[in-house]
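Architecture at a glance
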Amino acid sequence: METKKQSLERLRNTLKKERSSWDKLYRDLGDYILPGRLRFLTDNTNRGDVRNNRSHNNAAFMSARVLKSGMHSGITSPARPWFRLTTPDPDLADYGPVKEWLYQVTNRMQTVFHRSNLYNALPTIYGDCGTFGIAAAAIYEDANDMLRAYTFPVGQYYVASSARGDVDTLVRELKMTVRQLVQQFGEDNLSRAAKSLLKSNNLEQWIDVVHVIRPNDDFDPQSPLSKHKPIESTWYEKAGDEDKFLRQSGFDESPIVVPRWEVMGEDVYGNGPGQVAIGDVKALQFMEKRKAQAIDKMVNP
């Protein structure tokens, strides 16, 4: 019988294979427009020597920055109130006590957003979505700031959509140090290999980790356990002990945010302006390189 970890690994491999047809396009978009926003290999974590940069002219990079800055200031500017709560019934929304309650909650939400890192994460989300056609992030409750947003590099995650076309499943591959694993999950939940590294004081050794967020097949509304909530959240070490998990928990509502610029039919991954511009960007870089070579030969034949 298939274990839960085997089931999750099968899901990861299936979604990885499904996304593979997009990988070459994403590499081109990352190399020519947004270097540093790609991470196809977990081994690239915290490495500055693998930031591929084929740019001889930064026009595309600057255009991507203008796009994400314009979207951020136009849609979710922290300098002005960009949302207001109301009710489906306009008469109820005009009722004094309800109107006051909506006003107070709106102000408190704005305060929470300002205290958190949400306004730092949103431009990154807009930039990824405009360039690659898709972006992914998660927003969790936080003990210090009430909520905290985490943006994920393109190439690090795989997604699947529901029958409604909404992205409801995200599988993410990442690296965490032994110290980070202990801080987040506790020593008892580590694999034998991770515990061995901890005992030998190799706290900054990187370990491959997988995080799966998806609708919970074991949802039980009568259970008080977090792992029986509607949304499943499972963390495990990729090469860890069989069917041993770092954490099995859940959410009442999905914490993942996966905007897509434009979706064709039943596609899961979107199409963005970057995909339209990539041909022109490649041509620009080629001409810029040739022009520099011509100038170099004239100056120093």
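Above this text you will find the structure in question.
Attention here is on the structure that accompanies the text. (Residues numbered from 1 in each chain as written. Predicted model: local features only at pLDDT ≥ 70, side-chain atom pairs only at ≥ 80, totals over all residues. Heavy atoms only, no water.)

**Topic: the overall build of the protein**
Within the protein one finds eight helices and eight strands. For the protein, the spread of C-alpha atoms along the three principal axes comes to 80 × 60 × 40 Å. Buried residues in the protein amount to 42% of all 301 residues. Of the side chains in the protein, 41 bear a positive and 39 a negative charge, and the two mean positions are spaced by 7 Å. (Helix = DSSP H or I, 4+ residues; strand = E, 2+ residues; numbered from the N terminus. Buried < 20%, exposed > 50% of the residue type's maximum accessible area, 1.4 Å probe, protein only. Lys, Arg positive; Asp, Glu negative; His and termini not counted. Charge placed at Lys NZ, Arg CZ, Asp CG, Glu CD.)

**A short note on the nonpolar core**
By size, the foremost hydrophobic cluster in this structure holds 39 residues, and its most contacted members are Tyr26, Ile33, Tyr157, Val159, Leu170, Val258 and Tyr269. Elements with a contribution of two residues or more to this core: α1 (4–32), α2 (59–75), β1 (136–142), β3 (157–161), β4 (167–177), β5 (206–215), β6 (231–237) and α8 (273–299). The element best represented in this core is α1, accounting for seven residues. If we ignore the near neighbours within four places in the chain, the residues touching valine 258 are Ile134, Ala135, Ala136, Val159, Val167 and Leu170. Residues Leu118, Ile125, Ala135 and Leu147 belong to the second largest nonpolar core, which totals 15 residues. (Core = buried A, V, L, I, M, F, W, Y, C linked by side-chain atoms within 4.5 Å. Contact = heavy atoms within 4.5 Å.)

**Examining the packing of aromatic side chains**
For the coordinates displayed, the defined rule picks out ten aromatic pairs. Ring geometry for tryptophan 82 and phenylalanine 83: centres 4.9 Å apart, planes at 65°, overall edge-to-face. Put simply, the rings of Trp22, Tyr26, Phe132 and Tyr269 touch in pairs and so form one group of aromatic residues. (Phe/Tyr/Trp six-rings, centres within 6.5 Å; stacked < 30°, edge-to-face > 60°.)

**Things to note about the pairing of β1**
Bridge count for β1 against strand β2 (residues 146–152) is seven bridges, and the pairing is antiparallel. For alanine 137, the partnering residue across the bridge sits in β2 and is threonine 151. Between the antiparallel neighbours β1 and β2 lie three residues. Across two bridges, β1 lies against strand β8 (residues 256–257) in antiparallel orientation. What sits directly across from alanine 137, in β8, is valine 257. (Pairing = 2+ DSSP bridges.)

**What about the sheet that holds β8?**
Ordered in space as β2-β1-β8, the three strands form an open sheet in which the pairing is antiparallel. If you trace the sheet from one side to the other, it starts and ends with β2 and β8, each paired once. On the sheet, helix α5 (residues 118–132) packs against β1 and β2 and is oriented at approximately 25° with respect to β2. (Axes fitted to C-alpha atoms, helices over the stretch in contact; angles between N-to-C directions.)

**Let's talk about the side chain of asparagine 57**
In this fold, asparagine 57 is placed in the loop between α1 and α2. For asparagine 57, a relative accessible area of 19% puts it in the buried group. Reaching out from asparagine 57, the side chain makes a polar contact with the side chain of glutamate 288 at a distance of 3.3 Å. Setting aside its immediate chain neighbours within four residues, asparagine 57 contacts Leu284, Gln285 and Glu288. (Polar contact = N/O pair within 3.5 Å; in protein donor to acceptor, adjacent residues only side chain to side chain.)

**Overview of a nonpolar patch on the surface**
Taken together, Ile295, Met298 and Val299 make up a surface patch of nonpolar side chains, about 350 Å² in accessible area. With respect to the element layout, valine 299 can be found in helix α8. (Patch = residues over 30% accessible without salt bridge, like charges linked within 9 Å, V, L, I, M, F, W, Y side chains within 5 Å. Areas by Shrake-Rupley, 256 points an atom, 1.4 Å probe, with all protein chains shown as cover. Salt bridge = Lys/Arg side-chain N within 4 Å of Asp/Glu carboxyl O.)

**Here we look at the sheet that holds β3**
Taken in spatial order, the five strands line up as β3-β4-β5-β6-β7 in an open sheet, and their pairing is antiparallel. Each edge of the sheet is formed by a strand with only one pairing partner; in this case those strands are β3 and β7 (247–251). Within the sheet, the average angular offset between the axes of one strand and its neighbour, ignoring direction, is 15°. Note: β3 against β4, five bridges, orientation antiparallel. In the strand pairing of β4, serine 161 is matched with valine 167. Across the sheet, α1 lies against β3, β4, β5, β6 and β7, angled at about 95° from β6, the strand it touches most.

**Comments concerning the pairing of β4**
On a regular strand, one side chain projects to one face of the sheet and the next to the other, so that they alternate. Burial analysis of β4 places ten of its eleven residues in the buried class, which makes it a mostly covered element. Where β3 folds back onto β4 in an antiparallel hairpin, the turn is made up of five residues, including glycine 165, whose phi is positive at roughly 90°. Bridge count for β4 against β5 is eight bridges, and the pairing is antiparallel. Residue pairing across strands places leucine 174 opposite valine 209, the latter belonging to β5.

**Brief notes about the environment of glycine 165**
Relative to the helices and strands, glycine 165 resides in the loop between β3 and β4. A residue is classified by how much of its surface remains accessible, and glycine 165, at 30% relative accessible area, is partly exposed. With 100 residues separating them along the chain, glycine 165 and glycine 265 place their C-alpha atoms 9.2 Å apart.

**Thoughts on unusual backbone geometry**
In most cases, non-glycine residues show a negative phi, while peptide bonds are predominantly trans. Of note, the phi angle at methionine 146 is positive, near 75°, even though the residue is not glycine. For methionine 146, the position within the fold is in strand β2. In this structure methionine 146 comes out as partly exposed when scored by relative accessible area, which is 48%. Backbone geometry places asparagine 201, a non-glycine residue, at a positive phi of 70°.

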